[in-house]
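# What the coordinates show
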Amino acid sequence: QVQLQESGPGLVKPSQTLSLTCTVSGGSITTNYYAWSWIRQPPGKGLEWMGVIAYDGSTYYSPSLKSRTSISRDTSENQFSLQLSSVTPEDTAVYYCAAARGSLYDYWGQGTQVTVSS
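The shown structure was predicted, so the numbers you read here are calculated from the model rather than taken from an experiment. (Residues numbered from 1 in each chain as written. Predicted model: local features only at pLDDT ≥ 70, side-chain atom pairs only at ≥ 80, totals over all residues. Heavy atoms only, no water.)

Our next topic: the overall build of the protein. Secondary structure summary: the protein contains 0 helices and 11 strands in total. N-terminal to C-terminal, the α/β element order of the protein is β-β-β-β-β-β-β-β-β-β-β. For 118 residues, the compact-globule estimate of 2.2 N^0.38 gives 13 Å, and the protein sits close to it at 13 Å. Overall size of the protein, expressed as C-alpha extent along the three principal axes, is 40 × 25 × 25 Å. Across the 118 residues that make up the protein, the buried fraction comes to 39%. Across the protein, the fraction of contacts at a sequence separation of at least 24, relative to all contacts at a separation of at least 6, is 54%. (Helix = DSSP H or I, 4+ residues; strand = E, 2+ residues; numbered from the N terminus. Rg over C-alpha atoms; globule rule 2.2 N^0.38 Å. Buried < 20%, exposed > 50% of the residue type's maximum accessible area, 1.4 Å probe, protein only. Contact = heavy atoms within 4.5 Å.)

Shown next, in the form of structure tokens:
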């Protein structure tokens, strides 16, 4: 069974880069089965898909976040990471990594709270 765990700082200052890592166990991020996504949920709002990295390393991003978002991977560690640059308090949210097949998300990390504040 696939398990995912987010990690990274819980507090980021405005204008800095938010960086999170998702560690995957129970499945290889290089196998053509799952796509590996980042999703966030601001306080009082719904889930927002941010982007995805596929088994071959190709990436796709939400149009609203594309200019600030980068997803990368470390295959030796079976990890994929999120970088969101130039953050503002509007980026405060719970951030999730998830494994998707097609349009369905089979597995989720527990989520990690990231607060943007000075």
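Another point: the state of the cysteines. For the structure shown, the criterion picks out 1 disulfide. Between the sulfur atoms of Cys22 and its disulfide mate Cys97 the distance is 2.1 Å. Across the S-S bond linking Cys22 and Cys97, the dihedral sits near 70 degrees, which makes this disulfide right-handed. Of the two residues, Cys22 sits in strand β3 (residues 18–25) while Cys97 sits in strand β9 (residues 93–101), which places them 75 residues apart along the sequence. For Cys22, a relative accessible area of 0% puts it in the buried group. (Disulfide = S-S within 2.5 Å.)

Next up on the list: the environment of Leu20. For Leu20, the position within the fold is in strand β3. Judged by relative accessible area, Leu20 falls into the buried class, the value being 1%. Sequence spacing of Leu20 and Pro63 is 43 residues, and the spatial spacing of their C-alpha atoms is 20 Å. Not counting the four nearest positions on each side in its chain, Leu20 is found in contact with Ser7, Gly8, Pro9, Trp38, Phe80, Ser81, Leu82, Tyr95, Thr112 and Val114.

Scanning the entire structure with this criterion turns up 7 aromatic pairs. Judged by centre distance (5.6 Å) and plane angle (55 degrees), the rings of Tyr34 and Trp36 are tilted. Centroid distance Tyr34 to Tyr107: 5.9 Å. Interplanar angle 75 degrees. Geometry classified as edge-to-face. You can see Tyr34 sitting in the loop between β3 and β4 (35–41) and its partner Tyr107 sitting in strand β10 (residues 104–108), a full 73 residues away along the chain. Look at Tyr107 and you get partly exposed, because its relative accessible area is 21%. Put simply, the rings of Tyr33, Tyr34, Trp36, Trp38, Phe80 and Tyr107 touch in pairs and so form one group of aromatic residues. (Phe/Tyr/Trp six-rings, centres within 6.5 Å; stacked < 30°, edge-to-face > 60°.)

For the rest of this paragraph, the subject is the side chain of Arg40. Within the secondary structure layout, Arg40 lies in strand β4. Only 2.9 Å separates the side chain of Arg40 from the side chain of Asp91, close enough to count as a polar contact. (Polar contact = N/O pair within 3.5 Å; in protein donor to acceptor, adjacent residues only side chain to side chain.)

Keep in mind that these numbers describe shape and distance, not what the molecule does.
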